[in-house]
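# Structural description and commentary
Each chain, written out:
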Amino acid sequence: VTIHESTINQKSFTFALVSRRSTFRAGTRFNVRGVDRDGNAANFVETEQIVVYGSALASYVQIRGSIPLFWSQTPSLKYIPPPRLSESELQKEAFRRHCEAQEVQYGSQVLINLINQQGKEKPLADAFNAHVSLMGNPNIKYDAFDFHHECRNMQWQHLDKLIDRLRPEHQRYRYFAMSVEGEVINRQDGVFRTNCIDCLDRTNVVQSMLGRITLNEQLQQMGVLRAGEVSELHAGFDKLFKNIWADNADACSLQYSGTGALKTDFTRCVHVAGTWLSCGPFHKCINTHIYLHKIGEETLPHSMSTAFHNFHIYFKCTYLHVL
């Protein structure tokens, strides 16, 4: 949870970012993947971005969660253990339960899959796509984007291709907004569900970009930004926004992997003359990731499981209103 007072164009407002992790299917990466029989996904997190200006209020909700199939990735001496898809006959039913539960909670969805579309992750990507097609639900759309391939050699600009594909649904889903008189003037009618393998590093990057686009629309509607103006032009707030999202990435990663996120160097970076300049040490967490993957991840889940399962607290979003 981060709440911060901010100012743009001499207008003060409150900006907040809240992430709520589900208590169902708790555990750490490599030890808890995919879904259970009830359709609960590992590392399922609801993130809500909130803006308060005077008595006006706006919010935007996104979700993340492990690919909702039966699959595993057993820790070994390999740096990246290969994901293994289960052949369980309950695969289709668990997938359906997960998607239908999310549709009841959030409405229409776009499932953004950022894992590699080739190599060892390809069978998992193909199975995800196939199960969405088998459901035939018009309210659920699948969009695959091979993040590592598209953004290799720091070609972050290729993320714009994904964002452009998502714009029609982004405009249709909208966001929640309430006027100074307390009247609801917008409702969020759908949600983007983003995943990578861990639902951490790549997921954080895409969610922060969608959050930024929505924030600009909200601030324009509230009158904090002028029509066509974007918050990126205000250096003080731009830095604050990036750091809040990067800190959120680290917090989510700490719970699931035991260390901070790896791609916060992108989230915190600046774009100058066509070049992305890192504002944070990219390699600060690599050694910790390797240590926990090789040694720590087999013992860490026990304490987390005890904590979560002794206190079943189910989250509900504060400002998401689904028609």
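Structure first, text after, so check above.
Below is a short write-up of the structure. (Residues numbered from 1 in each chain as written. Predicted model: local features only at pLDDT ≥ 70, side-chain atom pairs only at ≥ 80, totals over all residues. Heavy atoms only, no water.)

## A short note on the packing of aromatic side chains
The final tally for this structure, using the stated rule, is 9 aromatic pairs. Between Phe 95 and Phe 128 the ring centres are 6.1 Å apart and the planes differ by 80°, which places this aromatic pair in the edge-to-face class. With Phe 95 in helix H1 (residues 91–106) and Phe 128 in helix H2 (residues 122–135), this residue pair connects regions lying 33 residues apart in the sequence. For the pair Phe 95 and Phe 128, one class covers both residues: buried. Taking the centre distance of 6.5 Å and the plane angle of 50° together, the rings of Phe 241 and Trp 245 count as tilted. You can see Phe 241 and its partner Trp 245 sitting in helix H6 (residues 235–257), 4 residues apart, about one turn around the helix. Residue Phe 241 is classed as buried on the basis of its relative accessible area of 3%. Given the relative accessible area of 2%, Trp 245 is considered buried. (Phe/Tyr/Trp six-rings, centres within 6.5 Å; stacked < 30°, edge-to-face > 60°. Helix = DSSP H or I, 4+ residues; strand = E, 2+ residues; numbered from the N terminus. Buried < 20%, exposed > 50% of the residue type's maximum accessible area, 1.4 Å probe, protein only.)

## Some thoughts on helix H4 (residues 159–173)
In this model H4 runs 20 Å from its N-terminal to its C-terminal C-alpha over 15 residues, within 8% of the 21 Å that 1.5 Å per residue would give. Bending of H4 peaks at approximately 45° at the position of Arg 167, with proline Pro 168 no more than four residues after it. Those residues of H4 that sit buried are Leu 159, Leu 162, Ile 163, Leu 166, Glu 169, His 170 and Tyr 173. Positive phi appears at Arg 174, one or two residues downstream of H4, with a value of about 60°. (Expected span 1.5 Å × (residues − 1). Bend = angle between axes of the 7 residues up to and from the residue.)

## Quick notes on the packing of H4 against helix H5 (residues 201–222)
Contact geometry of H4 with H5 gives a least axis separation of 11 Å together with a crossing angle of 50°. Put simply, H4 runs oblique to H5. In the packing of H4 onto H5, the handedness of the crossing is right-handed. Contact residues: H4 offers Leu 159, Asp 160, Leu 162, Ile 163, Leu 166, Arg 167, His 170 and Gln 171, while H5 offers Val 205, Val 206, Met 209, Leu 210, Ile 213, Thr 214 and Glu 217. (Axes fitted to C-alpha atoms, helices over the stretch in contact; angles between N-to-C directions. Parallel < 35°, antiparallel > 145°, perpendicular 65-115°, else oblique. Left-handed = near helix turned anticlockwise from the far one by under 90°. Contact = heavy atoms within 4.5 Å.)

## Concerning the side chain of Thr 47
Tracing the backbone shows Thr 47 in strand S3 (residues 45–53). Of note is the side chain of Thr 47, whose polar atom sits 2.8 Å from the side chain of Ser 19. With sequence-adjacent residues up to four places away left out, Thr 47 is seen in contact with Leu 17, Val 18, Ser 19, Tyr 60, Val 61, Gln 62, Gln 207, Trp 245 and Asn 248. (Polar contact = N/O pair within 3.5 Å; in protein donor to acceptor, adjacent residues only side chain to side chain.)

## A word on the side chain of Asn 113
Inspection of the secondary structure assignment puts Asn 113 in strand S7 (residues 108–113). For Asn 113, a relative accessible area of 0% translates into the label buried. A distance of 3.4 Å separates a polar side-chain atom of Asn 113 from the backbone nitrogen of Ile 115. For Asn 113, the side chain forms a polar contact with the side chain of Asn 195, separated by 3.0 Å.

## Side note on the packing of H1 against H2
The angle between the axes and the distance between the axes are what describe a pair of packed helices. As a packed pair, H1 and H2 sit with axes 11 Å apart at the nearest point and diverge in direction by 75°. Taken together, the axis directions place H1 and H2 in an arrangement best described as roughly perpendicular. Residues Gln 91, Lys 92, Phe 95, Arg 96 and Cys 99 of H1 touch H2, and the partners they reach there are Phe 128, His 131, Val 132 and Met 135.

## What to know about the pattern of salt bridges
Counting across every chain of the model gives 17 salt bridges. A salt bridge links Arg 20 to Glu 48; the nearest nitrogen and oxygen atoms lie 2.6 Å apart. With Arg 20 in strand S2 (residues 11–21) and Glu 48 in strand S3, this pair connects stretches of sequence that are 28 residues apart. Side by side, Arg 20 and Glu 48 carry an identical accessibility label, which is buried. For the salt bridge of Arg 212 with Asp 238, the shortest nitrogen-to-oxygen distance reads 2.4 Å. (Salt bridge = Lys/Arg side-chain N within 4 Å of Asp/Glu carboxyl O.)

## Remarks on the state of the cysteines
Throughout the structure, instances matching the rule amount to 0 disulfides. Note on Cys 199: no disulfide assigned, nearest cysteine sulfur contributed by Cys 196 at a separation of 5.5 Å. (Disulfide = S-S within 2.5 Å.)

## Points about H5
Compared with an ideal rise of 1.5 Å per residue, which puts 22 residues at 32 Å, H5 spans 31 Å between its outermost C-alpha atoms and is within 8% of the ideal. Among the 22 residues in H5, 20 count as buried, and that is most of the element.

## Section: the environment of Gly 211
Summarising the element assignment, Gly 211 is placed in helix H5. Each C-alpha atom, one on Gly 211 and one on Trp 245, is 9.1 Å from the other, the two residues being 34 residues apart in sequence. Those residues in contact with Gly 211 that sit more than four places away from it in its chain are Gln 49, Gln 62, Phe 241 and Trp 245.

## A closer look at unusual backbone geometry
Even without being glycine, Asn 153 reaches a positive phi, approximately 60°. Positionally, Asn 153 belongs in the loop between helix H3 (147–150) and H4. Residue Arg 174 is not a glycine yet carries a positive backbone phi of 60°. Examined against the element boundaries, Arg 174 turns out to sit in the loop between H4 and strand S9 (176–178).

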